[in-house]
Amino acid sequence: MSESLMQVQNLKKFFPIRSGLLSRVTAEVKAVDDVSFVIEKGNTFGLVGESGCGKTTVGRMLAGLLEQTDGGIAMGGWRAHKLTNSMKKELHKRVQIIFQDPSASLNPFMTVEELIKEPLEIYKIGDRAQQRRRVKELMEMVGLPAYCLGQRTSQFSSGQQQRVAIARALALEPELVVADEPVSVLDTSAQAQILNLLLDLQQRTGISYLFISHALDVVEFISHQVGVMYLGKLVETGPKDVLFKKQLHPYTKALFSAIPTLDTKKANERIVLQGEVPSPINPPSGCYFHTRCKDATEKCRHEMPLLRQVDEKHFVACHFA
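Just so you know, these numbers come straight off a predicted model, no measurement behind them.

### Re unusual backbone geometry
In step 1: Positive phi values are uncommon outside glycine, yet S23 reaches one of about 50 degrees.
In step 2: Note on placement: S23 falls in the loop between strand 1 (4-19) and strand 2 (24-40).
In step 3: Overall, S23 belongs to the partly exposed group, its relative accessible area being 34%.
In step 4: At K313, a position not held by glycine, the phi torsion is positive, near 65 degrees.
In step 5: Note that K313 resides in the loop between strand 11 (308-311) and strand 12 (314-316).

### Focus on the pairing of strand 7 (residues 176-180)
In step 1: Of all five residues in strand 7, five are buried, a share of seventy percent or more.
In step 2: Alternating positions in strand 7 separate into two faces, L176, V178 and D180 on one and V177 and A179 on the other, with burial throughout.
In step 3: For the crossover from strand 7 across helix 7 (residues 188-205) to strand 8 (residues 208-212), the handedness is right-handed.

### Regarding helix 5 (residues 128-141)
In step 1: Between its first and last C-alpha, helix 5 extends 20 Å over 14 residues, near the 20 Å set by a 1.5 Å rise per residue.
In step 2: Turning to helix 5, its buried residues are Q131, R134, V135, L138, M139 and M141. One side of helix 5 holds all its buried residues, which, seen down the axis, span an arc of 160 degrees. Across from the buried face of helix 5, at angles greater than 90 degrees, the exposed residues are R133 and E140.
In step 3: On its buried face, helix 5 sits against helix 4 (112-122), helix 6 (158-170) and helix 7.
In step 4: A side-chain oxygen of the first residue of helix 5 lies 3.2 Å from the backbone nitrogen of A129; this N-cap is D127.
In step 5: Phi turns positive, to about 80 degrees, at G143, one or two residues after helix 5.

Criteria and cut-off values
Residues numbered from 1 in each chain as written. Predicted model: local features only at pLDDT ≥ 70, side-chain atom pairs only at ≥ 80, totals over all residues. Heavy atoms only, no water. Helix = DSSP H or I, 4+ residues; strand = E, 2+ residues; numbered from the N terminus. Buried < 20%, exposed > 50% of the residue type's maximum accessible area, 1.4 Å probe, protein only. Right-handed = clockwise from strand over helix to strand, strands pointing away. Expected span 1.5 Å × (residues − 1). Arc of directions from axis to C-beta. Contact = heavy atoms within 4.5 Å. Polar contact = N/O pair within 3.5 Å; in protein donor to acceptor, adjacent residues only side chain to side chain.

Function cannot be read off these values alone, since they describe shape.
Here it is, written out as structure tokens:
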């Protein structure tokens, strides 16, 4: 049985909207609204959903880059509601993040060695010789030759840049890495190489991932558990093998029906949702999905469904699942 690494409990992130000369708060964007899940040690939790559903905001809160409005993050006896500077420093050591675009997240004026060594210098880990050995070890782990050490990443392909970003994220030996769309800007060949690298690193080090993506085929390949988000809420979560075989929430069914397939029968079963995603500033009453659900009832329009367990480790937020 897997052991839990991080428990995310009722996590919320509301962004205030200010207007007028006095810059008063007139509304809130409910980017993440009461999200709970568990990331297990040595496993990958895949978080999927349409653009703007709040999955990146969840990742940034877990990495300590955003402070939550409410809710908690618990990790190995360590718990955070409001982060102090010392707590952020501790969290950043245990949780690192890989961003979508490596060319934007890596300083183009620093060499590869300087980029990877910087976290070690910030946390004062080892002397210069030890840091250099650690950098070379990380370069080898991500499949980059030693002669790259003195080069700048502007000379590299996107795939090579992402390898540098991964090496930098692993420098402090974190327990969890948040991978936010880490292969979406790469070509197909580079995507496969980076995904295989992440799997290899997980097998070698026992690291856990929160893998954020809109590409369901990628999530199916790399994840152990999968969570589906819609308008800031987690609507379904469960083991990868279970969720890709049987979806219970109507939104999850529609999302998964869009996966490309050569099976003509499955292709003809694609569910096309009607209407637009509601605004997170003014979400609908009751179930947020009821405005696009063909099976919605009066109960759906007025009562918010809770995320409830329907099978072992399989949870869904639907009154009629």
